[in-house]
Amino acid sequence: MRRICSSCCFTRRVSNTLQKSEHIQRSIGTMENTKEGNAYGVSEKQNGSTIKSRNGFPSNIILNHDFSRGLDSWNLNCCNGSVVAAESGSFEGISVKSGSNYAVITNRKECWQGLEQDITCRVSLGSTYTVSAFVGVSGSLQGSADIKATLKLEYQGSATNYLFIGRTSVTRQQWKKLEGTFSLSTMPDRVVFYLEGPSPGVDLLIESVVIFCSSPIEDESSSTRCAAEGDENIILNPRFEDGVNNWSGRGCKILLHDSMGDGKIVPQSGKFFVSATERTQTWNGIQQEITGRVQRKLAYEVSAVVQIFGNNITSADVRVTLWVQTPNQREQYIGVAKVTDKDWIQLQGKFLLNASPSRVVIYLEGPPPGTDILLNSLAVKHAEKIPPSPPPVIEDLAFGVNIIQNSNLNDGSNGWFPLGNCTLSVTTGSPHILPPMARDSLGAHEPLSGRYILVTKRSQNWMGPAQMITDGLKLYLTYQVSAWVRIGPGATGAQNVNVALAVDNQWVNGGQAEVGNDRWYEIGGSFRIEKQPLKVMAYIQGPAPGVDLMVAALQIFPVDRRARFRHLRKETDKIRKRDVILKFSGSGTGTPIGTFVKVRQTQNSFGFGSCVSRTNIDNEDFVDFFVKNFNWAVFGNELKWYWTESQQGNFNYRDADELLDLCKSYNMETRGHCIFWEVEGTVQPWIKQLNKNDLMTAVQNRLTGLLTRYKGKFRHYDVNNEMLHGSFYQDRLGKDIRANMFKTANQLDPAATLFVNDYHVEDGCDPRSCPEKYIEHIIDLQKQGAPVGGIGIQGHIDSPVGPVVCSALDNLGALGLPIWFTELDVSSINEFIRADDLEVMLREAFAHPAVDGIMLWGFWELFMSRDNAHLVNAEGEINETGRRYLALRKEWLSHGHGHVNEQGEFMFRGFHGSYVVEMGTGSKKISKTFVVDNGESPLVVSIDL
C-alpha cells in the first residue's frame, strides 16, 4: 500500500491552564515559540516534520518533546500525569537542569501504563528512526526498574502488534538515557509511541523524548519519504491519483471511476473520482481515518467536491461528518457541512476538536439508501485566520427619517404601485397617531393624515401595495418597520399580514401580525442589509385571496442606537442600583472618622449565563472564559430526552452529570433545558411509535426519572419547549397533558422554577408566538392549574430594535412572572455590527424590571447553532463582540472608595449583588462582605469592626 504522509501538524495555541500535582514545585511559564534546539542537537517543528531543521540536523517528530507546553500532544494511557518545572538542583535527589520541565506519570496500576503519542503521519515505510529519551522513577522502589520504549501498531480488521524499541534500567535519584531504533516493514493504520515498564505504584519520570529519521528514503519523490513538504492537506491521496489507497467504504463499497453514466459524469478536476455504492443506510459512505493528523484546539477547513447518482433522485443531502473516539472510549459525531444537489458542487465547512482523540475518521454520508455518493476531491487544512471586518463607515446618517415616499398619502397613491393584479385606492379613516413602537423610537411626531391604502381585487396572498426603496437604503444600518394594518370583511378568522422586502428577489421579513377586521393593528419589526443589492422593493402582503387589505402610515427608518443606549443607562440606574450606607461601629479606638474605605463588587445578582456542551469542557481555554464571565449555565443537548434516552431503556446521564460537576465546582447556577420538546421533529423515533397508553407511561417515567435524579440541582426547568410551535404530546395525549407536566414536575422538585420557553416572541416576525399569543398560552396553562413560574424568551434574533423588544417585555411583564432570555444569540458577519446587536439585547434586558437573567446560546465559534454569532474565535481569540460583552459586564459592576464621614458612614450607589469592603484601622486591615438586594429605600449595612 502506498502511503503519502502530508504535513499535518500545525502550531498549537498554548494553554493557559497548567496541571497541578504534589510534584509541582513552582509555576510553569507557557511559551508560544518552539525551541530551536535541545540536548540532542535536533529541533522540533510543530507545523509538520521536515527532513532537516534550521540548523541542519534531522527534525524531531515528537511534538512537545520537552513538555514546555504541559502534556499538550501527549496522551495518558490509563493513568494520571502532570508536568513539573524543576528548580535548580535536585528533585528527590535527582539532578535536573535549571528551568527544565519533565512529566510525572502517577497512579499506574499496570506495568504497561505510561505516556503515549500518536506519530502515524510522521513516520513512513522503510525509513529507520532513532529514539532517545531521558527517563527516571520515583516513589516506593527497591533496587532498579526497567523502562521500555514501545510502538503500538494498529491494523484495521486485524490484531494490534507491539514493537519493542529499547530498554534501560534505572534507580531512584538518577536520570538515564533510553535509546533504540525502529523501522516499519508494513504501514499500520495507526502508530503510537509510548513509554512503559516500572512496576505498578512506581511513578515514571520523563524529561524529554526525541525521535528522528536517521536513514530516510533516498528518493525524495517517493510517497513514502519521511515527510512531505508544502502540502497542507492532511487527507492522503485526496484526488484518487493513487486509486482508492487510504480510503474505505463505511458500510458499503467504494469504486474508482474516470466517468459514469455513459460518459455524462466526468471529474470536475483531475482524472478520477470515487463512488460509494450499494448503500443500505444513510450513514454509509466513503471514509478516511485521519488519526494523528488532526490536533485539538485547532480549527480546520474542509472542502469537498461531491455529487449524487441514482435513479429517480434529483437532490439529496450530502454531509461531511467526523467520528471521534476519545481515550476513555467516549464517541462523538461532528457535523461539518451539508449540501443538496445532483451536480458537482463544493461542500465547505469547519471543525475543531476540544479533546485529544484516540481515533478520528472523516466520512461522507446522507443520501437515502440506494443513492451513490460521488467524491472528486477532499481537502482538510488548518483554517486560515481571516482578519476581522472593519467597523462600517456610514455617511450622511439620517436617523428617524422615513425612506418610504408619500407615506402619509397626501399625494394620493403617487410613489406606490400594486404588486400583482390588484387595485389600490386611497381613502380615510385610519389612526392619526403613530403606532406605539414607532412612537417610542421617534418621540413627538406630527399627527398622521388619517388616510390609508385600500387594496381590493386580490387573487393571491402576496398581492398588495409596493414601493421601490433601493436608493434610500444604506448598508449596515438597522431599520425599524412600523405600520397600521387592517383587513376587510369576508375572512374566515384572523389573517397574517406581513411587511416584506424583496432584496434581489430574496424575501426578507420586516414584521408580521395576526390581523382582524375589528380594528387597526400595529405591525412592528426590523431588518438590515449587509450586501449591496441591485434592487429592493417593500410591499405588504398576507391575507387570503379575496380579502381586502388596508395599510396606513408605513414607516421604514434607521434607528439611533446610541440615543437609545443613553435612555437605557438611566433606566438601568433606576432599577438595578440602590443607595447604600455602610455604618461602621465597634472600633476599639472610637469611630474611624476619616479612615479610607474601598468597596468592590464581586458578583452581580442579575443572571448572566451561557449554553455549554459536554465536549466544550475538554477545552481548558473554553472553560476558563466560561467560568470567569458567566454565573449561570444551561446545557445545549445533554438534558434533552433524545440525548438521555435515545433508545428506549438505554440511559445516558453521564454527560449531564459531568457538566453539573463542573458548574458545582465553580458555584454556577444551572437551568434544566428541557424536560420535553413539543415539536415533532425533535422527538426520537421510538417515542413516535408508542401507542397512547405507552406514551403516557413513557412521559411519566421521563418526569420521575429526570427530576428524582436531579432534585434540587437545577434552579429552572423548561418543562415543555416551544408549545407555540408544536403539539406532539398534546395531539396524542390531550390538552391536559401540558398542565399535568407542570404539576408533576412541581411535585417532584418543588424548589425548581418551571418555565415556558419559545422563540420569535420579542422580534415582531412570527404571529404564532407574538406576546399576545404567549400571554394567552400562559394564562390558559395557569387556569388548568399549571404552576408556571417563569417566562422564557429564547432570543434568536436578527437586527434587533430596542422599542420592539421592549414592547414585548412590557406586555409579558404584566403577568408578574420573572422573564429570562434563555437562548440569546445575534448574527452578523461583521463583528462590530454583531457587537452592536448584542449590546442592544443586553441593555434592553438589563434595563427592564421584569427581566431577571440572560442566557447566551453559546459564545465559542464552531460551537453555536448560528454562524457568525460567536464572541470568541475558534482558536480562542476574543473578538469585538466578546470585548463588548466584557465591557458591559464591567460597566455593570460597582466600585467605590473614599473616607468614613463624621457620622461613621460611607455612602455609595451600586448595582445589586455581592460586595467586599476593605478598610485599614491602625495597623490592622479589615475586610467584610455584604449583599445589596433590590429595594426602594437606602440599604443600611452595619459593619462591626
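Here is a short report on the structure shown in this document.

Procedures and definitions
- Residues numbered from 1 in each chain as written.
- Predicted model: local features only at pLDDT ≥ 70, side-chain atom pairs only at ≥ 80, totals over all residues.
- Heavy atoms only, no water.
- Helix = DSSP H or I, 4+ residues; strand = E, 2+ residues; numbered from the N terminus.
- Buried < 20%, exposed > 50% of the residue type's maximum accessible area, 1.4 Å probe, protein only.
- Contact = heavy atoms within 4.5 Å.
- Areas by Shrake-Rupley, 256 points an atom, 1.4 Å probe, with all protein chains shown as cover.
- Pairing = 2+ DSSP bridges.
- Axes fitted to C-alpha atoms, helices over the stretch in contact; angles between N-to-C directions.
- Salt bridge = Lys/Arg side-chain N within 4 Å of Asp/Glu carboxyl O.

1. With respect to the overall build of the protein chain
At step 1: Counting its regular elements, the protein chain contains 13 helices and 47 strands.
At step 2: Counting the 945 residues in the protein chain, one finds 57% classified as buried.
At step 3: For the protein chain, long-range pairs separated by at least 24 residues make up 77% of all intrachain contacts whose partners lie at least 6 apart in sequence.
At step 4: Total accessible area on the protein chain stands at roughly 39,400 Å², and carbon and sulfur atoms take up 47% of it.

2. A short note on the sheet that holds strand 7 (residues 128–138)
At step 1: Read across the open sheet, the 5 strands follow the order 2-5-12-7-10; overall the sheet is antiparallel. Looking at which strands have only one partner, the edges of the open sheet turn out to be strand 2 (80–85) and strand 10 (176–183). Each adjacent strand pair in this sheet contributes to an overall mean axis angle of 30 degrees, direction not counted.
At step 2: Note that strand 2 and strand 5 (residues 101–106) share 6 bridges and pair antiparallel. Counterpart to Ser-82 in the pairing with strand 5 is Val-104.

3. Side note on the pattern of salt bridges
At step 1: Under the counting rule described, the total for this entry stands at 50 salt bridges.
At step 2: As a salt-bridge pair, Arg-190 and Glu-154 come within 3.2 Å of each other at their nearest N and O atoms. Taken as a pair, Arg-190 in strand 11 (residues 190–196) and Glu-154 in strand 8 (residues 144–154) lie far apart in primary sequence, 36 residues in all. In this structure, Arg-190 and Glu-154 share a single accessibility class: buried.
At step 3: Residue Asp-825 is joined to Arg-866 by a salt bridge in which the shortest nitrogen-to-oxygen separation is 3.0 Å. On the criterion of sequence distance, the pair formed by Asp-825 in the loop between strand 41 (819–824) and helix 12 (831–846) and Arg-866 in the loop between strand 42 (851–856) and helix 13 (880–891) is long-range, its members being 41 residues apart.
At step 4: Here Asp-825 falls in the buried class, since its relative accessible area comes to 3%.
At step 5: One salt-bridge network, in which partners are shared between bridges, spans Arg-562, Arg-569, Glu-831, Asp-836, Glu-839, Arg-843, Glu-880, Arg-883, Arg-884 and Glu-891.

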